[in-house]
Amino acid sequence: MEKTFIMVKPDGVQRGLVGEIVARFEKKGYQLVGAKLMHVSRDLAEAHYAEHKERPFFGELVDFITSSPVFAMVWAGEGVIGTARHMMGKTNPKEADLGTIRGDFGISVGMNIVHGSDSAESAERELSLWFKEEEVASYEKTLNRWV
Ligand code: RTP
Ligand code: MG
């Protein structure tokens, strides 16, 4: 089953949006198979955002993601990587459609509430970075036949 890494960023946790975001993925029909509230080390933040190392906002991005706990999750289901990105909306909340997480709750690009893997390769890389094998559950979701 396809899996992706989704994270409620520090602004989302501080604003009490964890439940709202979990609910959106649950209601869509996806399956939660891993979750933890955690402080992010600088090493993990830098590894996670390695593709942006040369960008001018890299330092701020690492400062932000390590500033307060995040809620890291693994979601599973058909097409979950791409569909989760649609559900999150565009990177800049000012351009994100209403009805998406960033469009409904975000204002600035630096604090855009949620992260989601952007491809199968990113999902594989990020899941191995953030979750140990034993932290990801495998269980039958019997309602799967309805969605
Ligand atoms: P994310 O990785 O956090 O899910 O976001 P994304 O794929 O939609 O966007 P990405 O290009 O990977 O950028 C990562 C994060 O960097 C911050 N950013 N700031 N100041 C800026 O111009 C700028 N551009 C990007 C955003 O917080 C973005 O989520
Ligand atoms: Mg990204």
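The shown structure was predicted, so the numbers you read here are calculated from the model rather than taken from an experiment.

Visitor: What is the right way to read the environment of Met88 from this model?
Guide: You can see Met88 is positioned in helix α5 (residues 80-88). Linking Met88 and Ile21, residues 67 residues apart in sequence, is a C-alpha distance of 9.3 Å.

Visitor: What's the story with the UniProt feature "active site" (unreviewed entry) in the protein in this structure? I'm lost.
Guide: Per the UniProt entry, the sites bearing "active site" (unreviewed entry) are His115 in this numbering. Inspection of the secondary structure puts His115 in strand β4 (residues 114-116). If near-sequence neighbours (up to four positions away) are discounted, His115 is found in contact with Phe5, Ile6, Met7, Lys9, His48, Tyr49, Met88, Arg102 and Glu126.

Visitor: What am I meant to see in helix α4 (residues 58-65) here?
Guide: Within α4, burial applies to Phe58, Leu61, Val62, Phe64 and Ile65. End-on view of α4: buried residues confined to an arc of 160 degrees, all on one side of the axis. Residues of α4 that are buried make contact with β1 (3-8), α1 (10-14), α3 (42-48) and β3 (70-76).

Visitor: Sorry if this is basic, but what is going on with unusual backbone geometry here?
Guide: Note: most peptide bonds trans; most residues except glycine with negative phi. The backbone phi angle of Ile113 is positive, close to 75 degrees, even though this residue is not glycine. Tracing the backbone shows Ile113 in the loop between α6 (101-105) and β4. Since its relative accessible area comes to 0%, Ile113 is described here as buried.

Visitor: Before we go on, may I ask you to explain the UniProt feature "domain: Nucleoside diphosphate kinase-like" (unreviewed entry) in the protein in this structure?
Guide: In the numbering adopted here, UniProt assigns the feature "domain: Nucleoside diphosphate kinase-like" (unreviewed entry) to residues 1-138. From the first C-alpha to the last, residues 1-138 spans 10 Å; its make-up is 41% helix and 17% strand.

Visitor: Looking at this structure, I do not really get the sheet that holds β3. What am I missing?
Guide: For sheets, the rule is that strands pair by backbone hydrogen bonds, running either parallel or antiparallel. Spatial ordering of the open sheet is given by β2-β3-β1-β4, a layout of 4 strands whose pairing is antiparallel. Two strands lie at the open edges of the sheet, namely β2 (31-38) and β4, each paired on one side alone. On average, each strand axis in the sheet is tilted by 15 degrees relative to the strand beside it, whichever way the strands run. Summarising the sheet, β2 and β3 pair through 7 bridges and their orientation is antiparallel. Note on β3: the bridge partner recorded for Met38 is Val70. In this fold helix α7 (residues 120-130) packs onto β1, β2, β3 and β4, with an angle of close to 60 degrees to the strand it touches most, β1.

Visitor: Could you clarify how one ought to interpret the site of ligand 1 in this entry?
Guide: Not every one of the 13 residues close to ligand 1 is listed here, only the nearest: Lys9, Thr91, Val109, Asn112 and His115. Arg102 has a polar side-chain atom sitting 3.2 Å from an oxygen atom of ligand 1. Backbone polar atom of Val109 to an oxygen atom of ligand 1: 2.8 Å apart, as the coordinates give it. If ligand 1 stood free it would expose 560 Å²; the protein chains cover 78% of that surface. Residue classes in the shell around ligand 1 are distributed as 4 nonpolar, 6 polar and 3 charged.

Visitor: Looking at this structure, I do not really get the packing of aromatic side chains. What am I missing?
Guide: For any pair of aromatic rings, geometry is given as the distance between the ring centres together with the angle between the planes. Evaluation of the coordinates by the stated rule reveals 3 aromatic pairs. With 4.8 Å between their ring centres and 25 degrees between their planes, Phe5 and Trp130 make a pair best called stacked. Here Phe5, found in strand β1, pairs with Trp130, found in helix α7; they are 125 residues apart in sequence, far enough to count as distant. Residue Phe5 shares its accessibility class with Trp130, and that shared class is buried. Connected via pairs of aromatic rings, a cluster forms that spans Phe5, Trp130 and Phe131. The ring of Phe131 is capped by Lys36, whose NZ or CZ atom sits 4.5 Å from the centre of that ring.

Thresholds applied
Residues numbered from 1 in each chain as written. Chains lettered and ligands numbered in written order. Predicted model: local features only at pLDDT ≥ 70, side-chain atom pairs only at ≥ 80, totals over all residues. Heavy atoms only, no water. Helix = DSSP H or I, 4+ residues; strand = E, 2+ residues; numbered from the N terminus. UniProt positions renumbered as here; feature names shortened; annotations may be inferred. Contact = heavy atoms within 4.5 Å. Buried < 20%, exposed > 50% of the residue type's maximum accessible area, 1.4 Å probe, protein only. Arc of directions from axis to C-beta. Pairing = 2+ DSSP bridges. Axes fitted to C-alpha atoms, helices over the stretch in contact; angles between N-to-C directions. Near = heavy atom within 4 Å. Polar contact = N/O pair within 3.5 Å; in protein donor to acceptor, adjacent residues only side chain to side chain. Areas by Shrake-Rupley, 256 points an atom, 1.4 Å probe, with all protein chains shown as cover. Nonpolar A, V, L, I, M, F, W, Y, C, P; charged D, E, K, R; others polar. Phe/Tyr/Trp six-rings, centres within 6.5 Å; stacked < 30°, edge-to-face > 60°. Lys NZ or Arg CZ within 6 Å of the ring centre and 35° of its normal.

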